[in-house]
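So you can see what is in the structure, the chains are spelled out below.
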Amino acid sequence: SKLHMAVQGFQLQTKNQCRDGGLSATANNGGNHVVFDPAVVEFEGNSFQKNKCYELKGNDTTIGIKRFISTDTALCILVVSFKHTILGEAGADLMKDEYVQVFNCVKEISLSDLEMASDRVDQIPRLIYQAQTPGKWYSFGYFFDRTRARKLRRREQIRSLELFAGAGGSLQG
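Keep in mind it's a predicted model, so treat the numbers as computed, not measured.

Here is what the cut-offs are and how they apply
- Residues numbered from 1 in each chain as written.
- Predicted model: local features only at pLDDT ≥ 70, side-chain atom pairs only at ≥ 80, totals over all residues.
- Heavy atoms only, no water.
- Helix = DSSP H or I, 4+ residues; strand = E, 2+ residues; numbered from the N terminus.
- Buried < 20%, exposed > 50% of the residue type's maximum accessible area, 1.4 Å probe, protein only.
- Contact = heavy atoms within 4.5 Å.
- Areas by Shrake-Rupley, 256 points an atom, 1.4 Å probe, with all protein chains shown as cover.
- Core = buried A, V, L, I, M, F, W, Y, C linked by side-chain atoms within 4.5 Å.
- Polar contact = N/O pair within 3.5 Å; in protein donor to acceptor, adjacent residues only side chain to side chain.
- Salt bridge = Lys/Arg side-chain N within 4 Å of Asp/Glu carboxyl O.
- Pairing = 2+ DSSP bridges.
- Axes fitted to C-alpha atoms, helices over the stretch in contact; angles between N-to-C directions.

**Section: the overall build of the protein chain**
Point 1. Looking only at helices and strands, the protein chain features 2 helices and 11 strands.
Point 2. Written out in order from the N terminus, the α and β elements of the protein chain read α-β-β-β-β-β-β-β-α-β-β-β-β.
Point 3. Relative to its full complement of 173 residues, the protein chain shows a buried share of 33%.
Point 4. Relative to all contacts within the protein chain whose residues are 6 or more apart in sequence, the contacts with residues 24 or more apart total 61%.
Point 5. Just so you have it, the protein chain exposes about 11900 Å², and 50% of that area is on carbon and sulfur atoms.

As structure tokens, then:
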């Protein structure tokens, strides 16, 4: 399938795979934990942004930057078209022009391996696709990324009100 080919290309071009996504990694600096997590990194005259999608050089692979490891390396996730997922390949027209993250397909990538920002998808999509496990046709899924904070808004009106009205029977003598 096209998803399998995209994953293979992503694995060949990049360094080690992080099973937990590396999102809990911190640098120990003399007992103080310091997290390197800027929103933007400048590298060789280019500006790279967290949560934006880019193309890998010499490859038609789209990746999204989850966070920066250093000033020249980013933790990235593979982003593919919905049509390359199991439902898309089955002909479902639900989200034919949408993109999804591929679950646990996270790599450390040098910023020198990235080309321009992707013209197909701007931000890392919220929808995550977990591909089938070989030999288990039922083991796939789609779910939303819940790590992004939701903006809470002020409640404009009370949606339900619970009232208690007594009949006054306790006052009768």
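Read on, since the account is not over.
**Brief notes about the nonpolar core**
Point 1. In this structure, F48, I63, I65, F68, L111 and L114 are the most contacted members of the largest nonpolar core, which totals 13 residues.
Point 2. Counting residues per element, the ones that place at least two in this core are β3 (40-43), β5 (53-56), β6 (62-68) and β7 (73-81).
Point 3. Of all the elements, β6 adds the most residues to this core, at 3 residues.

**Points about the side chain of Q101**
Point 1. Mapped onto the fold, Q101 is located in strand β8 (residues 99-110).
Point 2. Residue classification places Q101 among the buried positions, given a relative accessible area of 1%.
Point 3. In this structure the side chain of Q101 is engaged in a polar contact, spanning 2.6 Å, whose partner is the backbone oxygen of P125.
Point 4. In this structure, Q101 is in contact with K66, I77, L78, I124, P125, R126, L127, I128, Y129 and D145, ignoring residues within four places of it in sequence.

**Considering the pattern of salt bridges**
Point 1. Applying the stated criterion across every chain yields a total of 4 salt bridges.
Point 2. Two residues, D37 and K50, come together in a salt bridge whose shortest N-O distance is 3.1 Å. Residue D37 is found in the loop between β2 (32-34) and β3, and its partner K50 is found in the loop between β4 (46-49) and β5; the two are separated by 13 residues along the sequence.
Point 3. Assessed through its relative accessible area of 38%, D37 is described here as partly exposed.
Point 4. Taking the relative accessible area as the measure of exposure, K50 reaches 24% and is therefore partly exposed.
Point 5. Of the charged contacts in the structure, one is a salt bridge between D60 and R120, with a shortest N-O distance of 3.1 Å. Highlighted residues: D60 in the loop between β5 and β6 and R120 in the loop between β9 (114-117) and β10 (127-130), separated in sequence by 60 residues.

**Section: the sheet that holds β5**
Point 1. The strand order across the open sheet formed by 7 strands is β9-β5-β6-β7-β8-β10-β11, and the pairing between neighbours is mixed. Edge positions in the sheet fall to β9 and β11 (141-144), since each of these pairs with one other strand and no more. Mean inter-strand twist for the sheet, computed between neighbouring axes without regard to direction, equals 45°.
Point 2. In this structure, β7 lies alongside β8, joined through 8 bridges in antiparallel fashion. When the sheet's bridge partners are listed, L75 is paired in β8 with E108.

Interpretation note: all reported values are geometric properties and have no functional meaning in isolation.
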